[in-house]
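Results of the structural survey
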Amino acid sequence: MFYIDVILPLPLAGLFTYSAPKAVEKGCRVIVQFGAKKFYSAIVAACYEPKKERPGIKEITSVLDDSPIILSSQLELWNWICNYYMCHLGEVYKAALPSALKLESETRVSIVEDAYPSEKLSPSETKIFDLLSDGKIYDISEITKKTAISNPIQSIRSLLDKGLIATDEHLGNGFSPKSETIVRLLITSEEELHGAMDQLRRAPKQLQLLTAFLSEMPIEEKVTFSIPAKKLVGLSGTSVAVLKSLVDKNIFVLEKREIYPFESKGEHVVSDVRLNEYQEDALQQIKEAFQTKNITLLHGVTSSGKTEIYIKLISEQLAAGKQVLYLLPEIALTTQITTRLRAVFGERLSVYHSRFTDNERAEVWNDLVKEKGSQVILGVRSSIFLPFRDLGLVIVDEEHESSYKQQDPAPRYHGRNAAIILASIHNAKVLLGTATPAIETYFNAVNGKYGLVELSQRHEGLDMPQIKVVDTKELRRKKIMKSAIFSPDLLGQMKDAFDRGEQVMLFRNRRGFAPYLECKACAWTPKCHNCDVSLTYHKYSNVLSCHYCGATYPVQHDCPSCHSKGSMTVVGFGTERVEEEIAEIFPDKRIARMDLDTTRSKKSYEKIIDSFAKGNTDILIGTQMISKGLDFDNVSLVGIIQADSLFNQPDFRAHERGFQMLEQVSGRAGRKHKQGLVVLQTTNPYSQIIQSVCEHSYIRFYQKEIAERETFKYPPFYRIIHLVLRAKDKPKLEEASDYLSALLRRSFGDRVLGPIEPPVAKVQSLFIRRIMIKTENNASPSSIREQVNNCLAYFFSQDISKSIMVHIDVDPM
């Protein structure tokens, strides 16, 4: 008898103990019953022989794995995330694994289209397969009831392995490497073949299918030829049942063939890239910094050729037999980078992010566990959870990006910081790259915690783009600016660019047609019923949409408040309106828009970027998606429509984010062989941030910002923790948040601020209040965690906490 402590994919504290008839390796999955009817696949965290048996310990239902799918190094990272970000191990487990690797009672499955078993199924597998053959989607609890199988997870896992069924995240894809059923001829001699055809003359459909196979088969490939079963059935005009009959007669055999899920595998691999003298110097400085520092910041201006330096470092790691993790903040950025890295590293590169199917992500995971996976992983923040064995280098590109921070649900970890811990676990090096470092990162670099390498020269001797500031407030005062959106300067520069055959990018960091509608008579504005926020008008789909809960409402033309007819008018503008108005001004130009509304599908990013890169689009309009990392040869002009909106936010990071975004989007202009121009429209041209952007002076911006951070006790001098309380009853929430803040003040004193209402004080029918704790950087994280947890434990033991939800956000962005 053995006891095993397991991690369940649930937001519960601690590990749960079960018994097992034999030892199970740490990192394997086991199926356990939790509660009366729920089954979960749990991760083994420890296995031991008890000194004394305890009553009431349940036995595991079954073991899913012969060898661990979670490595010890991964569990070490999980524990760090759990402790630092004050969440539960089960939440980390749920975030870390692809869906198909964490089956539970609520998991929904469906049959894969045209699935056909190529091998005999067990009685339980047959029952489940027959149930799912109706094409419906069932969760595992329903399957248990309908098949009378007490625990179907083992059989479901087996059907997933065989590619016959799929989880609900990506129906149509199985758990195992994506595969298809192929048909191969068992008969090898002419004599046997003629005999089989004679035998089938009384079965015309079977003969028809065999004839179709033979008509597709080249004579010289008689022994090796195969054809997908689905294609053969379609060509012959028969059915799967007819094919099965021929398999039963030993004329055909069915086999599974794996399909590699990533595009461009096996394409021509080019020779190594060449660096200019500035890049070569930066590369040598990075190597020298790595002699004494584990983390180095590469502060390189936009278009300085940081990617080429990354490629050199990756090549050296691969030559040493090491793995490399290359992190990017946005899925949109992976398209161009994938092409560049694939050209150098070929099949040694894999891509990992949420736009790939669960099948594809599970394949990458399993290949890495089995030590047959790619050596370079390109991905977004979730890639830190992959099972690396020989990690030598982690590259965090655009390290300043807030997209690296997970917001909801827990764990609310920062991908950059977690990647640094991942690297330390593997004794690997970390390279942080950006043109606009996070304030905390640059502070660590200039104070010696990180290495610092500056790359101030653009690639191929390009000058930094010229920035022309346009004072739209003054233009409106003088009645020179006729358009609500575009200044005469911007339109004139666009016309000149088009006359030269060049492309233009327009940046507006707000999607939709207009931020809201307003009644001209009484100023009433439609708001979301579930959230404390005005509704954004989307003209293309003709709806009012809440960007917080996703609810949509019909567009109103008459005011329901004052009953004025036709009084509703649009206020402000988003990317959709920019697109419409620029199309009226330049009707002969090809226009594309890149925002969340136009990039919901897996291939949409790639199509938009590829079309613009090939010159099939003249104007690209977008939100922050277009502001970083993209490289277009023919873009000479970038228009920043309304810069002020980036700074006017109630957030101590607003100026930092605004500067970073303006500097990054400016860098898209004049990418190759020509200096670019940026037309920056603002109502406050003399602000220090605008001036810093005009000078491309990160140092000037940093010096001002770091002084303010120190004065007002913000990071990097202090650490911030938010406790966010939510409830449906507003008075109860106010009472509970006041009570909790009083509890926290007993431990933290005046370091506790609030509770306050955040700018959006109600989301998805839940009212919100927020408490902030500011602690000194030298304070012990474990001590802080213990005190916060003690306060929360006492809070939840009191009646005042009923119906109150609390989550913790450490280092909020």
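Our subject is the structure listed above.
Residues numbered from 1 in each chain as written. Predicted model: local features only at pLDDT ≥ 70, side-chain atom pairs only at ≥ 80, totals over all residues. Heavy atoms only, no water.

Next up on the list: the sheet that holds strand 26 (residues 591-594). Strand order in the open sheet formed by six strands is 19-29-28-20-27-26, with parallel pairing between adjacent strands. The open sheet has two free edges, formed respectively by strand 19 (466-471) and strand 26, since each of these has just one partner strand. The mean angle between the axes of side-by-side strands here comes to 15°, regardless of whether they run parallel or antiparallel. Note that strand 19 and strand 29 (residues 677-682) share six bridges and pair parallel. Residue pairing in the sheet places Val-470 in a bridge with Gln-681 of strand 29. (Pairing = 2+ DSSP bridges. Helix = DSSP H or I, 4+ residues; strand = E, 2+ residues; numbered from the N terminus. Axes fitted to C-alpha atoms, helices over the stretch in contact; angles between N-to-C directions.)

On to a positive patch on the surface. On the surface, Lys-37, Lys-136, Lys-145 and Lys-146 cluster together into a patch of positive charge. Summarising the element assignment, Lys-145 is placed in helix 4 (residues 140-147). Its relative accessible area of 70% is what places Lys-145 among the exposed residues. (Patch = residues over 30% accessible without salt bridge, like charges linked within 9 Å, V, L, I, M, F, W, Y side chains within 5 Å. Areas by Shrake-Rupley, 256 points an atom, 1.4 Å probe, with all protein chains shown as cover. Salt bridge = Lys/Arg side-chain N within 4 Å of Asp/Glu carboxyl O. Lys, Arg positive; Asp, Glu negative; His and termini not counted. Charge placed at Lys NZ, Arg CZ, Asp CG, Glu CD. Buried < 20%, exposed > 50% of the residue type's maximum accessible area, 1.4 Å probe, protein only.)

To describe a pair of aromatic rings, one takes the distance between the centres and the angle between the planes. Tallied over the entire structure, the rule returns 23 aromatic pairs. When the ring of Phe-34 is compared with that of Tyr-40, the centres are 6.4 Å apart and the planes differ by 75°; the resulting orientation is edge-to-face. According to the relative accessible area criterion, Tyr-40 is buried, its value standing at 6%. Taken together, the aromatic side chains of Tyr-442, Phe-659, Tyr-698, Phe-701 and Tyr-702 make up a single cluster linked through ring pairs. The aromatic ring of Phe-573 is capped on one face by Arg-508, whose charged end is 4.6 Å from the ring centroid. Stacked on the ring of Tyr-84, the Lys or Arg Arg-719 has its end atom at 4.5 Å from the ring centre. (Phe/Tyr/Trp six-rings, centres within 6.5 Å; stacked < 30°, edge-to-face > 60°. Lys NZ or Arg CZ within 6 Å of the ring centre and 35° of its normal.)

Before going further, it helps to examine empty space enclosed by the protein. The final tally for this structure, using the stated rule, is two cavities of 30 Å³ or more. Volume-wise, the largest cavity comes out at about 70 Å³. Lining the largest cavity we find His-400, Glu-401, Ser-402, Gln-624, Arg-657, Gln-660 and Met-661. Classifying every residue of the lining of the largest cavity by side-chain character gives one nonpolar, four polar and two charged. In this model, the second largest cavity occupies a volume close to 30 Å³. Lining the second largest cavity are Phe-507, Arg-508, Asn-509, Ile-640, Ile-641, Gln-642, Ser-645 and Leu-646. (1 Å grid on protein atoms, 1.4 Å probe; cavity = no way out; pocket = protein on both sides within 12 Å on 5 of 7 lines; lining within 4 Å. Points joined across faces, edges and corners; volume = space filled by probe spheres on them. Nonpolar A, V, L, I, M, F, W, Y, C, P; charged D, E, K, R; others polar.)

Bringing the environment of Ser-483 into the picture now. Within the secondary structure, Ser-483 is located in the loop between helix 16 (472-477) and helix 17 (488-499). Sequence-wise, Ser-483 and Glu-581 are 98 residues apart; in three dimensions their C-alpha atoms are separated by 9.1 Å. A distance of 3.0 Å separates a polar side-chain atom of Ser-483 from the backbone nitrogen of Ile-485. Of the polar contacts made by the side chain of Ser-483, one reaches the backbone nitrogen of Phe-486; its length is 3.0 Å. (Polar contact = N/O pair within 3.5 Å; in protein donor to acceptor, adjacent residues only side chain to side chain.)

Moving on to the sheet that holds strand 23 (residues 543-545). Reading across from one edge, 22-23-24 is the order of the three strands in this open sheet, with antiparallel pairing throughout. On the outer flanks of this sheet lie strand 22 (536-538) and strand 24 (552-554), each paired with one strand and no other. Each neighbouring strand pair of the sheet contributes to a mean axis angle of 35°, computed without reference to strand direction. Across three bridges, strand 22 lies against strand 23 in antiparallel orientation. When the sheet's bridge partners are listed, Thr-536 is paired in strand 23 with Ser-545.

Turning to the pairing of strand 12 (residues 295-300), a few remarks are in order. Counting buried positions over the six residues of strand 12 gives six, a clear majority of the element. In strand 12, alternate side chains face the same way, and those of Ile-295, Leu-297 and His-299 on one face and Thr-296, Leu-298 and Gly-300 on the other are all buried. Relative to strand 17 (residues 429-434), strand 12 runs parallel, the two being bridged by five bridges. Along strand 17, the bridge assignment pairs His-299 with Thr-434. Where strand 12 lies against strand 18 (residues 451-455), five bridges are found, and the strand directions are parallel. Bridged to His-299 within strand 18 is Glu-454.

The end-to-end C-alpha distance of helix 7 (residues 204-216) is 19 Å, a good match for the 18 Å that 13 residues give at a rise of 1.5 Å each. Where helix 7 is concerned, the buried positions are Gln-206, Leu-207, Leu-209, Leu-210, Ala-212 and Phe-213. (Expected span 1.5 Å × (residues − 1).)

Moving on, we come to the state of the cysteines. For the structure shown, the criterion picks out zero disulfides. The structure places no disulfide on Cys-519, whose sulfur is separated from the nearest cysteine sulfur, that of Cys-559, by 3.7 Å. You can call Cys-519 buried: its relative accessible area is 1%. Unpaired in terms of disulfides, Cys-528 finds its nearest cysteine sulfur in Cys-549, a separation of 3.7 Å. By relative accessible area, which is 6% here, Cys-528 ends up buried. (Disulfide = S-S within 2.5 Å.)

This brings us to the packing of helix 15 (residues 439-446) against helix 22 (residues 698-711). Viewed as axis vectors pointing N to C, helix 15 and helix 22 meet at an angle of 95°, and their least axial separation amounts to 11 Å. As judged from the angle between their axes, helix 15 and helix 22 are roughly perpendicular. From helix 15, Ile-439, Glu-440, Tyr-442, Phe-443 and Val-446 reach across to helix 22, where they touch Tyr-698, Ile-699, Phe-701, Tyr-702, Glu-705, Ile-706 and Arg-709. Taken together, the residues of the contact of helix 15 with helix 22 break down into nine nonpolar, no polar and three charged. (Parallel < 35°, antiparallel > 145°, perpendicular 65-115°, else oblique. Contact = heavy atoms within 4.5 Å.)

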